[in-house]
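Listed here are the chains, written in short residue letters.
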Amino acid sequence: MELTTLLFLGFFAAVALLNYTLPRVLRPYCLLAASYLFYCWGANDRLLVPVLVAATLVTWGCGLVIGKCRIGPVRVIFLLLAVFTCVGLLFYYKYWNLLAADILSGTVLQPRTDMVTPLGLGYFTLAALSYTIDVYKRRCKVELNPLHYALFVSFFPTMTTGPIERYPHFRPQIHKSRRFSYTRCAGGAFRMLWGYTKKMVLADNMNLYIKMVYDTPAEMNGPNLVAATLLFSLRLYLDFSGCCDIAIGAARILGYDLLENFHSPFEATSFAGLWQRWHMSLTGWLRDYIYIPLGGSRCNVVRHMLNTLIVFAVSGLWHGADLRYLEWGIACGVISVIAQLSKAPRKVLWRYNPLYREPAVQTFLQRCITYLLFSFTMVFFASAIYNAAPGEVFAGILQGWQGGFAAGWESVTNLVTSSGIDGRLPVVLTLIKATEAKRIDLRYRHCAGHGAQRQQCCPLDPQAVLCAALDGLLCRCGIHLVLCRVRAVGVHLPAILTGEGDQLCQHRPLLPPRAAPKRSAAVLLPPRPASPPQSKKNPLPHRADAPKSQISSFAFCMVWSAGYTLAAKRCSSLPCSFPFWFSWSGSAIR
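Cut-offs applied
Residues numbered from 1 in each chain as written. Predicted model: local features only at pLDDT ≥ 70, side-chain atom pairs only at ≥ 80, totals over all residues. Heavy atoms only, no water. Helix = DSSP H or I, 4+ residues; strand = E, 2+ residues; numbered from the N terminus. Buried < 20%, exposed > 50% of the residue type's maximum accessible area, 1.4 Å probe, protein only. Contact = heavy atoms within 4.5 Å. Areas by Shrake-Rupley, 256 points an atom, 1.4 Å probe, with all protein chains shown as cover. Salt bridge = Lys/Arg side-chain N within 4 Å of Asp/Glu carboxyl O. Axes fitted to C-alpha atoms, helices over the stretch in contact; angles between N-to-C directions. Parallel < 35°, antiparallel > 145°, perpendicular 65-115°, else oblique. Nonpolar A, V, L, I, M, F, W, Y, C, P; charged D, E, K, R; others polar. Core = buried A, V, L, I, M, F, W, Y, C linked by side-chain atoms within 4.5 Å.

**Describing the overall build of the protein**
- Along the protein, the regular secondary structure elements total 25 helices and two strands.
- In the protein, buried positions account for 51% of the 590 residues.
- In the protein, once contacts between residues fewer than 6 apart in sequence are set aside, the share between residues at least 24 apart is 74%.
- Of the accessible surface of the protein, which amounts to about 28600 Å², a share of 64% is contributed by carbon and sulfur atoms.

This is the structure:
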């Protein structure tokens, strides 16, 4: 069951409604049953349920023994048992044919044509393995309830696209289910809606042109191969982050907060900084369980560089059982090693570079160079997805430039138009991405209470700019009614998309509050003035006592989300009237 189908939306809406009608004690078991039903929906996946059950039971049993036993060798034996079980499942179901056909060439192992990879194998094995290692390292408590642990391993929003969860972060949410919160559910619904927009409206349309180029790279000229390669990086980000937004939004509606997977990766000014923002749940897992145990950076230079190459090679193999994924991981590792070794000389050269005298110009150039390096490595990744030869792509990039930039641009625009998408789509995405980094003041008139209008100035985060753009786009699509229903309870779109709406309803934040600094007894500080009493007739827009039982309004949002998903699935391009201005309740950005 794919996340971008109406079948999933219907299944999820039924699960969400059933989840909140049950007592809080029974909700984890309801979600566990729904997760296994989600897993058994496909005919092939139904036969591989024992794989998921085996990984769950073995890692839970090993964690139980490791947590309760104090004998060192016994704890090591059961840790190795859990590691060999998870790695063995990955090797048998995912890498058998790669090792048999591509590496050993059928001399020792024979390829199996009937091999089917279980759904979400790479995600639930890493999640289960992290629990066992955390128990061994005494980073988390032992879970005595196997059903609660089974929900952590098989939680259906994270089954296909992640993010890879950690049990110390997930366990408190299982043991203390949240009450229904309209603000929280509306925020999750719009997070899902934004994910569907990125995945189905933007990424899928860009894929039409990229697939046309990479299906026949030998027949394409250099300008089209360069354009397709540059767009593929953006398309992969929109596709993957969109699916993660759907998963995070769905989990938020069910009462669970998942780890974030992306944090504006293309705003990074270095290759290492990009990887700290890209697929953060996987990179964090590789850092904590492979890179640091190997020694990390606390060793000599040669060992440090070798550790970096190993981690990137493992990351490449995790993405797929193909040598081109391994080549992509090695290419990323080589660039990271070169960047680390040349860090000091590059800082010396920056002093003599006249372009770097302006911080804005320096940041722009560094982001462009980082994006170009990342897109260069993505040639191997795209070749693995579209079954192309990386050598043909690199050779074709150097050809077809006889007419200059003008002829190349005309060739790209003609092929983009013939592929069935709007040629202005890359320009729109570039303009939106360029405005992400700027903090603007969004002035809007918010109608709250008994018709009282309030003027506020909100310094937005970069993500809020895209939220405003989405608001303007949805107003053109006839979904402005949903925004009005949400604003009627005093919540605005940037707050619910960025997660601030959760704290407005007095939910416990993910991170503990920062401790107040200790004050010396000799320093006398003036008392804090008491806040003026708030009028009951004119309440503030963001009220902590927002309605929490408006299930009908929540269902209304879900129906509109399903309608927009169906419309996005059927449309072949962005509307030609994509707004470059942002609409917000009838007011414009000032």
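There's plenty left to go through after this.
**Thoughts on the pattern of salt bridges**
- Summed over the entire model, instances satisfying the criterion amount to 14 salt bridges.
- Its salt-bridge partner being D245, residue R191 comes within 2.9 Å of it at the nearest N-O pair. Here D245 lies in helix α11 (residues 222–254) and R191 lies in helix α10 (residues 182–215), a separation of 54 residues in the sequence.
- Owing to a relative accessible area of 4%, R191 belongs among the buried residues under this scheme.
- For the salt bridge of K199 with D204, the shortest nitrogen-to-oxygen distance reads 3.0 Å.
- Relative accessible area serves as the criterion here: at 13%, K199 is assigned to the buried category.
- Classification of D204 as partly exposed rests on a relative accessible area of 25%.
- Connected via shared salt-bridge partners are R191, K198, D245 and E260.

**Focus on unusual backbone geometry**
- Of note, the amide linkage connecting G162 to P163 takes the cis form, showing an omega dihedral of 0 degrees.
- Positionally, P163 belongs in the loop between α8 (146–154) and α9 (167–175).
- The backbone of R138 shows a phi angle near 60 degrees, a positive value even though the residue is not glycine.
- Relative to the elements of secondary structure, R138 occurs in the loop between α7 (121–136) and α8.
- What makes R138 exposed here is its relative accessible area of 54%.
- Of note, N387 is a non-glycine position whose phi angle comes to about 55 degrees, a positive value.
- With respect to the helices and strands, N387 occurs in the loop between α17 (359–386) and α18 (390–397).
- For N387, a relative accessible area of 61% puts it in the exposed group.

**Some points on the environment of G391**
- By secondary structure assignment, the location of G391 is in helix α18.
- Judged by relative accessible area, G391 falls into the partly exposed class, the value being 49%.
- Distance in space between the C-alpha atoms of G391 and F380 is 9.3 Å, their sequence separation being 11 residues.

**Side note on the packing of α7 against α8**
- Remark: α7 packs on α8, axes separated minimally by 8 Å, with the N-to-C direction vectors making an angle of 135 degrees. Considering the angle they form, α7 stands oblique to α8. Residue-level contacts link F124, A127, A128 and Y131 of α7 to Y149, F152 and V153 of α8.
- Here the residues of the contact of α7 with α8 sort into seven nonpolar, no polar and no charged.

**Re the nonpolar core**
- Counting residues in hydrophobic clusters, the biggest one holds 130 residues, and the most contacted among them are F8, Y209 and W278.
- Not counting residues up to four positions away in its chain, the partners in contact with Y209 are N224, A227, A228, L231, V412, L415, V416, S419 and I421.

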